[in-house]
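What the coordinates show
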Amino acid sequence: MTVEYRQDSPYAQTRMQGTYLDIYEPRPIPSYADDVLFTVNLTYQFRPDLLAYDLYSNQNLWWVFAVRNPNAIEDPIWDFRVGKKIYIPKQATLSKALGI
Amino acid sequence: MAFNFNNITEAVQDATSSAVQKGLSKAIPGDGFISKTARGYLGSQANRLINSQLNPGGENSVLPNGGVATARFGSDNDTRARLALSPGSGNILYRDPSNELLRPLTTTDGVVWPYTPSINVGYSAAYTGNQVIHNNYASQSYGQSMIEQISCVGTFTANTPEEAEYLLSVLHFLKSATKSFFGQDPNRGTPPPVLRFSAHGPYMFNSVPVVISATNFDFEQTVDYINAKVASGGGGVDSTTRVPSSISINVTLLPVISRQRQTEFGLEKYARGELIGQASGKGGMP
């Protein structure tokens, strides 16, 4: 039985081999010069899901911040700490890149 | 009477929050449990964004002058050599959202030399010697001071497809920045863009306004070439382009200080280091 991941999942493009996931297929988020630079505050510390919900009304997009900021975030959750400067991808960018 | 700016900030945030609550009351009227819960839920979501100075969808804030507030690469704390567009240049070259070829430069806000380049610059003061007859020494009359061209020579390498894309963008940006807007351009007649050059920290070259007077690339035959895949090439041809895995790039820059900026010059201020530039503000005086 195969599972179909949603389009807002980081595994949406990764194929299934039987009941196992194949090699991870990255989902790049394009970067734009006018993306907003945000310093993570106490409200969103370790809560990329909350930031994704507040920005995009979709908590499943918690992983896009780590993909958009590979130099700043290695661990999507525990690197999301106070003082970390990250770029915020726009809703339109995500819609185009992820097809959501 | 001294103002407490913290109180003012809190007052503005309180006013914004109450405006959000008023808007929600209009959007979701009623005093029922569901209405109250929905208002509280959406209100806290909006308040969190407001307190974090974010806009829904990650959109930019619109400034009172109609411009768009953007936060760019944190070049203020970066001491690497960088050649970037001026902060007020508008959406041209790599800041053009439709420009796929130069997009890799957006992540670093311009060209960043990956290895420390060789920078050559000269400062001079010109004097005219008056040759007085029957005298042992000439009398020197001051003419003017000037900064000569900045020569920046550095090596770029490409060992991965991503680095190859970046190198291709660098080469194309430097070529493009030597040309003027012409022909079909909406702003045709405008000279080549003024750039900002930074290197080695604020008291060395800090966001110096420059124009490119010359650039040279050495495509050597003794190095490997690597494919750079561009998402959308022009001309409807295969967009795969080869770039050398190692290349020396020579850029000659001419400092350009506007007349307006020159009126702010003062030797004492310059000597105290008060005329250094800001990546997102006025250019520095070299």
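Definitions and cut-offs
Residues numbered from 1 in each chain as written. Chains lettered and ligands numbered in written order. Predicted model: local features only at pLDDT ≥ 70, side-chain atom pairs only at ≥ 80, totals over all residues. Heavy atoms only, no water. Helix = DSSP H or I, 4+ residues; strand = E, 2+ residues; numbered from the N terminus. Contact = heavy atoms within 4.5 Å. Areas by Shrake-Rupley, 256 points an atom, 1.4 Å probe, with all protein chains shown as cover. Salt bridge = Lys/Arg side-chain N within 4 Å of Asp/Glu carboxyl O. Buried < 20%, exposed > 50% of the residue type's maximum accessible area, 1.4 Å probe, protein only. Pairing = 2+ DSSP bridges. Patch = residues over 30% accessible without salt bridge, like charges linked within 9 Å, V, L, I, M, F, W, Y side chains within 5 Å. pLDDT = per-residue confidence, 0-100. Arc of directions from axis to C-beta. Polar contact = N/O pair within 3.5 Å; in protein donor to acceptor, adjacent residues only side chain to side chain.

Looking at the overall build of chain A
- Looking only at helices and strands, one finds 3 helices and 4 strands in chain A.
- Ordered by position from the N terminus, the helices and strands of chain A form the series β-β-β-α-α-β-α.
- For chain A, long-range pairs separated by at least 24 residues make up 56% of all intrachain contacts whose partners lie at least 6 apart in sequence.
- Summing over all exposed atoms, chain A offers an accessible surface of approximately 5500 Å²; the carbon and sulfur share of this is 53%.

A closer look at the pattern of salt bridges
- By the definition in use, this model includes 10 salt bridges over all chains.
- For Arg103(B), the salt bridge goes to Glu100(B), with nearest N and O atoms at 3.3 Å.
- Residue Arg103(B) is classed as buried on the basis of its relative accessible area, which comes to 14%.
- Note that Arg261(B) is salt-bridged to Glu264(B), the shortest N-O span being 2.6 Å.
- Several salt bridges share partner residues, and in doing so they unite Asp35(A), Arg68(A) and Lys90(A) into one network.

Describing the pairing of strand β11 (residues 225-229) of chain B
All names here are of chain B.
- On β11, burial follows the alternation: Ile226 and Ala228 on one face are buried, whereas Tyr225, Asn227 and Lys229 on the facing-out side are not.
- Bridging between β11 and strand β12 (residues 240-244) involves 5 bridges; their strand directions are antiparallel. Bridging across to β12, Ala228 finds its partner in Thr241.

Section: unusual backbone geometry
All names here are of chain B.
- Its identity as a non-glycine residue notwithstanding, Asp109 has a phi of 50°, on the positive side.
- Tracing the backbone through its elements, the reader meets Asp109 in the loop between β3 (82-85) and β4 (111-112).
- Phi at His200 takes a positive value of approximately 65°, unusual for a residue other than glycine.

Some words on the pairing of strand β3 (residues 36-39) of chain A
Residue and element names in this part refer to chain A.
- Alternating positions in β3 separate cleanly, Val36 and Phe38 being buried on one face and Leu37 and Thr39 remaining unburied on the opposite face.
- Two strands pair when backbone bridges link them, and β3 and strand β4 (residues 85-88) are joined in this way by 4 bridges, in the antiparallel orientation. Paired with Phe38 across the two strands is Ile86, which belongs to β4.

Digging into the sheet that holds strand β13 (residues 246-255) of chain B
Residues and elements named next belong to chain B.
- The strand order across the open sheet formed by 7 strands is β4-β3-β9-β10-β13-β8-β5, and the pairing between neighbours is antiparallel. Edge strands, defined here as strands with exactly one partner in the open sheet, are β4 and β5 (118-120).
- In this structure, strand β8 (residues 150-157) lies alongside β13, joined through 8 bridges in antiparallel fashion. Residue pairing for β13: Val153 is matched across the bridge by Asn250.

Considering a nonpolar patch on the surface
Residues and elements named next belong to chain A.
- Nonpolar side chains collect at one region of the surface, where Val3, Tyr5, Tyr11, Leu21 and Tyr24 lie side by side and expose about 420 Å² of accessible area between them.
- Residue placement: Leu21 occurs in strand β2 (residues 20-21).
- Assessed through its relative accessible area of 35%, Leu21 is described here as partly exposed.

Examining the confidence of the model for chain B
Residue and element names in this part refer to chain B.
- The pLDDT averaged across chain B works out to 80; a share of 75% of its residues lies at or above 70.
- Scored below 50 in pLDDT, residues 1-13 makes 2 contacts in the model with residues more than four places away or belonging to other chains.
- Across the interface, the model reports ipTM at 0.87; the global pTM reads 0.57.

Considering helix α3 (residues 91-98) of chain A
Residues and elements named next belong to chain A.
- Those residues of α3 that fall on the buried side of the exposure criterion are Thr93, Leu94 and Leu98. For α3, the angular spread of the buried residues around the axis is 100°, confining them to a single face. Across α3 from its buried face, at more than 90 degrees, point the exposed residues Ala92 and Lys96.
- Elements that come into contact with the buried residues of α3 comprise α1 (48-56) and α2 (64-68).
- In the stretch just after α3, Gly99 is the one whose phi turns positive, near 70°.

A few points about the side chain of Gln45(B)
- Among the secondary structure elements, Gln45(B) is positioned in helix α2 (residues 33-51).
- Looking at Gln45(B), its side chain comes within polar contact range of the main-chain oxygen of Tyr53(A), at 3.1 Å.
- A polar atom in the side chain of Gln45(B) sits 3.3 Å from the backbone oxygen of Asp54(A).
- Once residues within four sequence positions are removed from consideration, Gln45(B) is found in contact with Tyr53(A), Asp54(A) and Ser57(A).

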